[in-house]
Protein chains: 12
Amino acid sequence: MRICVLHGPNLNLLGRREPDLYGTETLDEIDRRLRARGEELEVDLVSFQSNHEGDLVDHIQAEASRTDGWLVNAAGLTHSSVALRDALVASGRPFVEVHLTNIFAREPFRRRSLLSDAAIGVVTGFGRRSYLFGLDGLVVALRRDE
Amino acid sequence: MRICVLHGPNLNLLGRREPDLYGTETLDEIDRRLRARGEELEVDLVSFQSNHEGDLVDHIQAEASRTDGWLVNAAGLTHSSVALRDALVASGRPFVEVHLTNIFAREPFRRRSLLSDAAIGVVTGFGRRSYLFGLDGLVVALRRDE
Amino acid sequence: MRICVLHGPNLNLLGRREPDLYGTETLDEIDRRLRARGEELEVDLVSFQSNHEGDLVDHIQAEASRTDGWLVNAAGLTHSSVALRDALVASGRPFVEVHLTNIFAREPFRRRSLLSDAAIGVVTGFGRRSYLFGLDGLVVALRRDE
Amino acid sequence: MRICVLHGPNLNLLGRREPDLYGTETLDEIDRRLRARGEELEVDLVSFQSNHEGDLVDHIQAEASRTDGWLVNAAGLTHSSVALRDALVASGRPFVEVHLTNIFAREPFRRRSLLSDAAIGVVTGFGRRSYLFGLDGLVVALRRDE
Amino acid sequence: MRICVLHGPNLNLLGRREPDLYGTETLDEIDRRLRARGEELEVDLVSFQSNHEGDLVDHIQAEASRTDGWLVNAAGLTHSSVALRDALVASGRPFVEVHLTNIFAREPFRRRSLLSDAAIGVVTGFGRRSYLFGLDGLVVALRRDE
Amino acid sequence: MRICVLHGPNLNLLGRREPDLYGTETLDEIDRRLRARGEELEVDLVSFQSNHEGDLVDHIQAEASRTDGWLVNAAGLTHSSVALRDALVASGRPFVEVHLTNIFAREPFRRRSLLSDAAIGVVTGFGRRSYLFGLDGLVVALRRDE
Amino acid sequence: MRICVLHGPNLNLLGRREPDLYGTETLDEIDRRLRARGEELEVDLVSFQSNHEGDLVDHIQAEASRTDGWLVNAAGLTHSSVALRDALVASGRPFVEVHLTNIFAREPFRRRSLLSDAAIGVVTGFGRRSYLFGLDGLVVALRRDE
Amino acid sequence: MRICVLHGPNLNLLGRREPDLYGTETLDEIDRRLRARGEELEVDLVSFQSNHEGDLVDHIQAEASRTDGWLVNAAGLTHSSVALRDALVASGRPFVEVHLTNIFAREPFRRRSLLSDAAIGVVTGFGRRSYLFGLDGLVVALRRDE
Amino acid sequence: MRICVLHGPNLNLLGRREPDLYGTETLDEIDRRLRARGEELEVDLVSFQSNHEGDLVDHIQAEASRTDGWLVNAAGLTHSSVALRDALVASGRPFVEVHLTNIFAREPFRRRSLLSDAAIGVVTGFGRRSYLFGLDGLVVALRRDE
Amino acid sequence: MRICVLHGPNLNLLGRREPDLYGTETLDEIDRRLRARGEELEVDLVSFQSNHEGDLVDHIQAEASRTDGWLVNAAGLTHSSVALRDALVASGRPFVEVHLTNIFAREPFRRRSLLSDAAIGVVTGFGRRSYLFGLDGLVVALRRDE
Amino acid sequence: MRICVLHGPNLNLLGRREPDLYGTETLDEIDRRLRARGEELEVDLVSFQSNHEGDLVDHIQAEASRTDGWLVNAAGLTHSSVALRDALVASGRPFVEVHLTNIFAREPFRRRSLLSDAAIGVVTGFGRRSYLFGLDGLVVALRRDE
Amino acid sequence: MRICVLHGPNLNLLGRREPDLYGTETLDEIDRRLRARGEELEVDLVSFQSNHEGDLVDHIQAEASRTDGWLVNAAGLTHSSVALRDALVASGRPFVEVHLTNIFAREPFRRRSLLSDAAIGVVTGFGRRSYLFGLDGLVVALRRDE
């Protein structure tokens, strides 16, 4: 089983960007933890970050045939990108939506997600653990469908 | 550390109610799993289910002084009960909001939660694992604050 | 065939509460008429009134396995209780929604029903006869499904 | 006592149009049942169907002086015709609004009725029985006012 | 100069329909007054009433080439008929919108007119005099354009 | 009978301000025409213009006891002044609302009038003749009530 | 294969009505072109224009059994007629919605179509060619279903 | 004269719950002050607190016949309970709505009260004094009606 | 301690204006009662009424340095004047908002106050006693801050 | 004459992505058909697909000077990209908007197009034929303007 | 060239009112800086401040004939005064809208400006420099039009 | 001090794109003017234009550590890009938002900016001078904070 982690715009800044809000851990560290957890779950894990909506869409298309599910933190694109949603749905693979912060406790425009009604589930507010919970949930859902 | 799990209306039906939507596991089984996970995390775990908003509020008030955090699946009350939100906030203890199903993929009235902007985080869509992820996230958040 | 009649908050006041609006007949008299009509239709009829959302949910859960359908006047809860809707849907039994008054000719907040899109049908505005029509409609629908 | 039944656009297709949704009974059969019930209730019953808003308005005007009440299924005009509402109100006679299907469980534009706040009551979702319940309710209301 | 007066649905009932609201004068009497005023203004005046949107549209089309302006009380069609608006605009002749009652002091759905932004002007609330003022205003506007 | 004409902000500019939109006649000329028409109708007519909401309110209060009705073009205050509405209603005298231009064909914020549902009637779009029609309508309404 | 073209209100004016907006070709010419194209496609084509919603509904009902698909320009009725939509859906035959002008570039009330979500497809803005494209699209869709 | 004070959910926590927001005085102390003020005003005062909407409705029904007016702080139920509103209105006794905090300066969902348009008056923002002012206002209103 | 009472437009009419709605007491009598109550509370009380938003703003500016708090009934300006709100906030002194009538039971446009979220508290519906309660509440709040 | 076809995100997946919804033909095949049709129409046709909003904007800028018109299926960007709209409008060349599916019968967020009011016309719902009809319509419009 | 600076309500308090928000400079100092900048630009500059909407309107009317452009900080009137907008537009002279603070980062009601769509441009958030930038922008725009 | 100017999509077309709307000056000329002004202000100025949201985000991240402030004309991305807003806020450096045209006088979708509430200030409508004013305002704000 192979899972692709997608990190949206500005997540490459993690550890440096507003640490009070987003924590001090870098994206590399999060990816390392995800891979470690992936090993325990016996799934391959590859990560991809981009600030470009188009690169994320390209990547989803390129990886779809060998990916079993997506773990997605679309960051700011969550609220504006129909193209990203379409790419995920077009892949025919399920996905889980995660957010580091609790988007429901922030600006009103962060309350609308263009992804969540197409996702298996959503995890928000637990910092890097949002990814870990999302990964576990995705793997369970994928195994249930086997 | 002591955590109180709150189950809202109709969750006592789990395993019998619409199994395609909610799964075949009963609430007791979920509580047993939560307690087992609690033991691993070295936290005490007590559960309470009620179909009565008032009983949930009473229970929160009664337990607040010896509770460190709340794990809350308010079910239908999520969308209508200001009293429940007020009780949780008044307890002075943090809480995590969980849902078995992905509420963003259901009826429009399930999209509005009166709890989520006051929660640490939200987990939706992973069946009983929503509770387990929520528990882990709550414990980490509580330990970070110690 | 067994049908359970559910009366929501303040309906126990019938005959005394605002008789110009709600009529002079008591809830007991309405229940008696419903039972009489039930006998003609050869269905058992039991009634339950409560001012407590939670009691109504408890009752639905307790009665669901031996009930074939629900005749529901949720009164004020019609417009606010997702828990009641969830209990009715979770019961796996069809229900009919009735109102004594024409809720469309009253305050704007009475125009939104959280029940009606999940109901077989809705009857409003005929006083106690709303119940009788609803009962007849429910029985026909149940017999058609047999 | 004389009651006029008004059937709006496309109801002449009953029995042929989308039978899964609207049933297999024709409008003639429904009218026959209504007349039979009218005889039991000792009221004269005349029916009128038209696909033309203007014909319905003309008919209401022509019949108003010898009609005691209206039984109205305005079909698609329910949601768009102020003229029909005005004609009914101008007649000085009370009316009951009925629908074969449960309009609250269909497209959003069917949720707004331009008639219901001016009606005695509304019956939806019981197929042809919506008419019969509506007739009974109308007759009772008319007799109460005598 | 020739002006065509258009009366929408139910206006043929004037004098009989809700006299407290609409006055005791009949449509014929109003038309007679309009013709009298037309003679003073040296304009020909023809009136047309219909309960049928389509007849009004037909009439506008048939009369357009020999009509200099329209005096329109579209009644209930004011709030729903794009076809009537289109016919008036397509005629290439200016029109004035009039209403017997003050539509701004009635039900909310009467506040939206599909005609008014395409009209020269609007007169509401003066009973039959709304027509007379509208006629005067229309004639002045037409003469200014000569 | 005595009628007070109220002209709101910027109407003193008439004849100079945007003549394409508002015409070339000055406010004095309009007032002269109104007084002339008043003489024909045997009513006294006094006019008052102010750019100050407060002066208009003061004036209404000062004149109320010897005024039988108000002819009001509140101009920009139409859309924002509750105080002006309150003063007119508090006077216990009926009023007619007039506008030179057709406010329904202009900016969206001009569509909402805080006066119109409390007025006898409204006249828009006929330039200075809006005042004359409004005056006639007001006088008729006042005489009907005598 | 037989296709019925439906032209809504005011389309009989084509060639004369606002030629800058709608072009100089008459409806007859458009129908002739459509029949010519129909011959190429080996489908029978009949056209019907009416300014009456009811006539259009009558016509759809009368033609449904021998019609394979509808090509519909409902003109002003597009935005207000639930009855027309119901008739088309009740016919059990697919339809294509066309408009001469680009309705998205006109008044806001033209943006809402009561037909489009039930149509196969929509063509707007190409003048008479909207009909031709719609015809081609309809025929292809019908042949695909054979 | 007898007045019943109703305290909604979580008000039993007063003095302990968020003292910065709600003050340090307990509900008992507030009730004692109310009774003292009641003695001065020569009215009997009884208080009832519950976290249960249903208990509040039961209580209102039980007390209605010997109560002259209600002093109500419905807390979180203010914004969600139609049943409570119905019970108060059904009692036939007037009520005053009070809030400790200024609900207009808090979360948006606290801005909508389901009670206020049926109340005599509303007092918000004065801590325990909101109750005392509300009591005085209620007694005056009741005495004026004697 | 010195408190300034601000009365908005049309309140100078009290006792004469719509006495059924606003009572028979004049503004002078209310001011006298307020001064009497002020003496009991040992605060100086000065009152100012104006129909002019600008005069109220001027007055607030002129009095701010020697005023400890404002008791404000802004009447119609409550719903439209940002300038008044700004003046009160700019004064750096707290204020209480009062209304004679229950604004929540009147026209919809009276439901929005531009002042209330910046006020200490709000009192509505108790006639002149709204002022007295507001004064007491303001004095207590001011003394608590000393 | 030279026309540029623009394909938005995920359209490169055609033939593989959700074939039930989008058909089995690939984008290359569609482009081939478009070129073939272009030859018949004697226009040059070049196609460009990108998942990147920025690449589409770059491409429009680069091609504008030698392009006579655009045939645009912006896919998911239709609903979110002001930059794409601006690029098309800035090119000074007309464009036609096409969609494979009927966007009016899908999720609500697909109902808003940021392009359509600036387009010549719109074609939706005919699969690859949407492009062909759009091409024909664009060429006719361009030739009319020559 | 002569430019008139208009300062709305409460701006006379500058330097004293909420200095954290509005700065410590007085309005006189701002006016002095504006005049100094005016000298550099060779334009005459006159300033006018008022807390009265009506005085601002009067002033605009009085100055219009000898003013080439307006520099307007309407303060609280920005969001409520149609009269002020009308006066500016009626003057036939262009205007620039400025604000000391960034109104988009404050209360929601400050987001709506009744002036901005009629202005040349808008400057917000730079304290007194908003005026200076606005002045420069206005002068350039005026000179471009010469 | 170093300031980075960010130009969004299509701004590279300046001087060629719709010159009536955007002026005849090219982006290079604007950048040259900005650098010249930068020299006067003793700040380094670097400019970056892209049609790619992602490139702008990349650039902001790359430049953040050596940039003191941002001067941003996000063009079409202003209304849709949360990612751009997040990048600016994440940089920890203040920014000013500028627009060549007055966005408040254009299409409704240009009225919503996702940037403005996070900006120091906004300048719209002065063509290239919007940039110059914005630069001056940014430099002053940065120097105030030193």
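Residues numbered from 1 in each chain as written. Chains lettered and ligands numbered in written order. Predicted model: local features only at pLDDT ≥ 70, side-chain atom pairs only at ≥ 80, totals over all residues. Heavy atoms only, no water.

Peer 1: For this particular structure, what's the right way to read the overall build of chain A?
Peer 2: When helices and strands are tallied, chain A shows 5 helices and 5 strands. When its helices and strands are written in sequence order, chain A yields β-α-α-β-α-β-α-β-β-α. For 146 residues, the compact-globule estimate of 2.2 N^0.38 gives 15 Å, and the C-alpha radius of gyration of chain A, at 14 Å, lies within 12% of that figure. Projected onto its principal axes, the C-alpha coordinates of chain A cover approximately 40 × 30 × 25 Å. With 146 residues in all, chain A has 64% of them scored as buried. A separation threshold of at least 6 residues defines the contact pool for chain A, and within that pool the share at least 24 residues apart is 77%. Surface accessibility of chain A: about 5,200 Å² in total, with carbon and sulfur atoms responsible for 44%. Computing the positive centroid from 18 side-chain charges and the negative centroid from 22, chain A places the two 3 Å apart. (Helix = DSSP H or I, 4+ residues; strand = E, 2+ residues; numbered from the N terminus. Rg over C-alpha atoms; globule rule 2.2 N^0.38 Å. Buried < 20%, exposed > 50% of the residue type's maximum accessible area, 1.4 Å probe, protein only. Contact = heavy atoms within 4.5 Å. Areas by Shrake-Rupley, 256 points an atom, 1.4 Å probe, with all protein chains shown as cover. Lys, Arg positive; Asp, Glu negative; His and termini not counted. Charge placed at Lys NZ, Arg CZ, Asp CG, Glu CD.)

Peer 1: Explain the relation of the copies chain D and chain G here, please?
Peer 2: Look at the two chain copies: a rotation about an axis and a shift along it is all it takes to match them. Superposing chain D onto chain G requires a rotation of 120 degrees together with a translation of 0.0 Å along the rotation axis, leaving an RMSD of 0.0 Å. The operation mapping one copy onto its partner corresponds to a three-fold rotation axis. Considering only C-alpha atoms, the part of chain D nearest the rotation axis is S80(D), at 3.8 Å. The two copies present different faces, since only 12% of the interface residues in chain D are matched by interface residues at the equivalent positions in chain G. (Least-squares fit on C-alpha atoms with pLDDT ≥ 70 in both.)

Peer 1: Even after reading the chapter, I still don't get the interface of chain G and chain J, so can you show me in this structure?
Peer 2: Frequently, the measure chosen for interface size is the accessible area that the parts lose on association. Facing the 21 residues of chain G at the interface are 21 residues of chain J. For the pair chain G and chain J, the two sides together bury roughly 1,800 Å², of which 61% comes from carbon and sulfur. Contact with chain J buries area across many residues of chain G, yet F104(G), F126(G) and F133(G) alone supply 30% of it, more than any other trio. Run the count over chain G and chain J and you get 0 salt bridges. Across the chain G-chain J interface, the total number found is 6 residue pairs in polar contact (both at pLDDT 80 or more). (Buried area = accessible area lost by both parts, 1.4 Å probe. Salt bridge = Lys/Arg side-chain N within 4 Å of Asp/Glu carboxyl O. Polar contact = N/O pair within 3.5 Å; in protein donor to acceptor, adjacent residues only side chain to side chain.)

Peer 1: Just to check I follow, could you spell out the interface of chain D and chain G for this structure?
Peer 2: Taken together, the contact pairs 16 residues of chain D with 15 residues of chain G. The contact between chain D and chain G buries some 1,300 Å² in all, and 50% of this surface belongs to carbon and sulfur atoms. The largest share of the area that chain D buries against chain G comes from N51(D), H52(D) and F109(D), three residues that together contribute 36% of it. Inspection of the chain D/chain G interface yields 2 salt bridges.

Peer 1: Got a minute to help me understand the nonpolar core in this structure?
Peer 2: Across soluble globular proteins, you tend to see nonpolar side chains buried next to one another. Counting residues in hydrophobic clusters, the biggest one holds 52 residues, and the most contacted among them are L71(C) and L71(D). Sorting the residues of this core by element identifies β1 (2-7), α2 (27-41), β4 (95-99) and α5 (128-145) of chain C together with β1 (2-7), α2 (27-41), β4 (95-99) and α5 (128-145) of chain D as the ones contributing at least two each. A total of 8 residues in this core trace back to one element, the largest contributor, which is α5(C). Each residue touching L71(D), except ones within four places of it in the same chain, is listed here: I3(D), C4(D), V5(D), L6(D), L34(D), V96(D), V98(D), Y131(D), G134(D), L135(D) and L138(D). (Core = buried A, V, L, I, M, F, W, Y, C linked by side-chain atoms within 4.5 Å.)

Peer 1: Please explain the pairing of strand β4 (residues 95-99) of chain B as it appears in this structure.
Peer 2: Side-chain positions along a regular strand alternate between the two faces of the sheet. Residue and element names in this part refer to chain B. A large share of β4 lies buried, amounting to 5 of its 5 residues. Along β4, one buried face is formed by F95, E97 and H99 and the opposite face, lined by V96 and V98, is buried too. Looking at chain direction, strand β3 (residues 69-73) and β4 are connected through 3 bridges and run parallel. Bridge pairing in β4 links L71 to V96. In this fold, β3 hands off to helix α4 (residues 82-90), which returns the chain to β4; that crossover is right-handed. (Pairing = 2+ DSSP bridges. Right-handed = clockwise from strand over helix to strand, strands pointing away.)

Peer 1: Please clarify how the pattern of salt bridges should be interpreted in this entry.
Peer 2: Opposite charge on two side chains lets them pair, provided their charged atoms get close. One pass over the structure, following the stated rule, counts 126 salt bridges over all chains. Across the salt bridge formed by R128(F) and E25(F), the nearest N and O atoms sit 2.3 Å from each other. In this pair, R128(F) sits in helix α5 (residues 128-145) while E25(F) sits in the loop between α1 (19-22) and α2 (27-41), placing the two residues 103 residues apart along the sequence. Like E25(F), R128(F) is buried. In this structure, E63(H) engages R2(H) in a salt bridge whose closest nitrogen and oxygen atoms are separated by 2.9 Å. With E63(H) in helix α3 (residues 53-63) and R2(H) in strand β1 (residues 2-7), this pair connects stretches of sequence that are 61 residues apart. Residue E63(H) shares its accessibility class with R2(H), and that shared class is buried. Taken together, the salt bridges that share partners define one network made up of R85(B), D86(B), D117(B), R106(H), E107(H) and R110(H).

Peer 1: Any chance you could explain the confidence of the model for chain A here in plain terms?
Peer 2: Detailed reading of the predicted coordinates is not advisable wherever pLDDT falls low. Per-residue confidence for chain A gives a mean pLDDT of 95, with 99% of residues at or over 70. For this predicted complex, the interface confidence score (ipTM) comes to 0.94, while the overall pTM stands at 0.95. (pLDDT = per-residue confidence, 0-100.)

Peer 1: What am I meant to see in the sheet that holds strand β3 (residues 69-73) of chain G here?
Peer 2: Through backbone hydrogen bonds, the strands of a sheet pair up, either in parallel or in antiparallel fashion. With mixed pairing, 10 strands are arranged side by side in an open sheet as β2(G)-β1(G)-β3(G)-β4(G)-β5(G)-β5(J)-β4(J)-β3(J)-β1(J)-β2(J). Strands at the two margins of the open sheet, each flanked by one partner only, are β2 (44-49) of chain G together with β2 (44-49) of chain J. Averaged over all adjacent pairs, the angle separating strand axes in this sheet is 15 degrees, with direction ignored. One ladder, built from 3 bridges, connects strand β4 (residues 95-99) of chain G with strand β5 (residues 122-124) of chain G; its direction is parallel. Considered in β5(G), the bridge of V98(G) is made with V123(G). Taken strand by strand, helix α3 (residues 53-63) of chain G contacts β1 (2-7), β2 and β3 of chain G, and its axis lies near 175 degrees from that of β1(G). Running at roughly 175 degrees to strand β1 (residues 2-7) of chain J, helix α3 (residues 53-63) of chain J makes contact with β1, β2 and β3 (69-73) of chain J of the sheet. (Axes fitted to C-alpha atoms, helices over the stretch in contact; angles between N-to-C directions.)

Peer 1: Explanation requested: the relation of the copies chain G and chain J in the structure shown.
Peer 2: With an axial shift of 0.0 Å and an RMSD of 0.0 Å, the rotation relating chain G to chain J amounts to 180 degrees. Overall, the copies show the geometry of a two-fold rotation axis. When each C-alpha of chain G is compared by its distance to the rotation axis, V123(G) comes out closest, at 2.3 Å. Comparing interface residues between copies, 100% of those in chain G also lie at the interface in chain J; the contact surface is shared.

Peer 1: Help me understand the packing of helix α3 (residues 53-63) of chain E against helix α4 (residues 82-90) of chain E, please; the structure alone is not making it clear to me.
Peer 2: Packed helices, taken two at a time, are described by their axes: the angle between them and the distance between them. Residue and element names in this part refer to chain E. Where α3 meets α4, the closest approach of the two axes is 9 Å, and the angle between their N-to-C directions is 5 degrees. One element, α3, and the other, α4, form an angle in the roughly parallel class. Across from E53, L56, V57 and I60 in α3, the residues of α4 making contact are A83, L84, A87 and L88. A per-class count over the contact of α3 with α4 returns 7 nonpolar, no polar and 1 charged. (Parallel < 35°, antiparallel > 145°, perpendicular 65-115°, else oblique. Nonpolar A, V, L, I, M, F, W, Y, C, P; charged D, E, K, R; others polar.)

Peer 1: Help me understand the sheet that holds strand β1 (residues 2-7) of chain B in this model?
Peer 2: If you trace the 10 strands from one edge of the open sheet to the other, you get β2(A)-β1(A)-β3(A)-β4(A)-β5(A)-β5(B)-β4(B)-β3(B)-β1(B)-β2(B), paired in mixed fashion. In this open sheet, the two strands that pair with only one neighbour each are β2 (44-49) of chain A together with β2 (44-49) of chain B. Averaged over all pairs of adjacent strands, the angle between strand axes in this sheet comes to 15 degrees, irrespective of strand direction. Strand direction decides the pairing type here: β1(B) and β3(B), joined by 5 bridges, are parallel. In the sheet register, H7(B) faces β3(B), and the bridge partner there is N73(B). Contacting β1 (2-7), β2 and β3 (69-73) of chain A, helix α3 (residues 53-63) of chain A runs over the sheet at an angle of about 175 degrees to β1(A).

Peer 1: Where do I start with the environment of S80(D) in this structure?
Peer 2: For S80(D), the location among the structural elements is in the loop between β3 (69-73) and α4 (82-90). Between the C-alpha atoms of S80(D) and H52(D), which are 28 residues apart in sequence, the distance is 13 Å. If near-sequence neighbours (up to four positions away) are discounted, S80(D) is found in contact with L114(D), S80(E) and S80(G).

Peer 1: Any chance you could explain the packing of aromatic side chains here in plain terms?
Peer 2: Each aromatic ring pair is specified by the distance between its two centres and by the angle formed by the two planes. For the structure shown, the criterion picks out 24 aromatic pairs over all chains. Geometrically, the ring pair formed by F104(G) and F104(J) is stacked, given 5.8 Å between the ring centres and 15 degrees between the ring planes. Here the residue F104(G) occupies a position in the loop between β4 and β5, and F104(J) occupies one in the loop between β4 (95-99) and β5 (122-124), the pair thus bridging two chains. Note on F104(G): relative accessible area 8%, which makes it buried. Three or more aromatic residues link up through ring pairs in this structure, and these residues are F126(A), F133(A), F126(B) and F133(B). (Phe/Tyr/Trp six-rings, centres within 6.5 Å; stacked < 30°, edge-to-face > 60°.)

Peer 1: Help me out: how do you make sense of helix α3 (residues 53-63) of chain F in this one?
Peer 2: For an α-helix the count is 3.6 residues per turn, leaving residues at separations of three or four pointing the same way. With 8 of 11 residues buried, α3(F) is to be regarded as a mostly interior element. Along α3(F), the positions that sit buried rather than exposed are E53(F), G54(F), L56(F), V57(F), H59(F), I60(F), Q61(F) and E63(F). Close packing links the buried residues of α3(F) with β1 (2-7), β2 (44-49), β3 (69-73) and α4 (82-90) of chain F, α3 (53-63) of chain I together with α3 (53-63) of chain K.

Peer 1: Looking at this model, I keep getting lost on the side chain of S116(J). Mind explaining?
Peer 2: Mapping S116(J) onto the fold places it in the loop between β4 and β5. In contact with S116(J), not counting residues within four places along its chain, are N102(G), F104(G), R111(G), E97(J) and V122(J).

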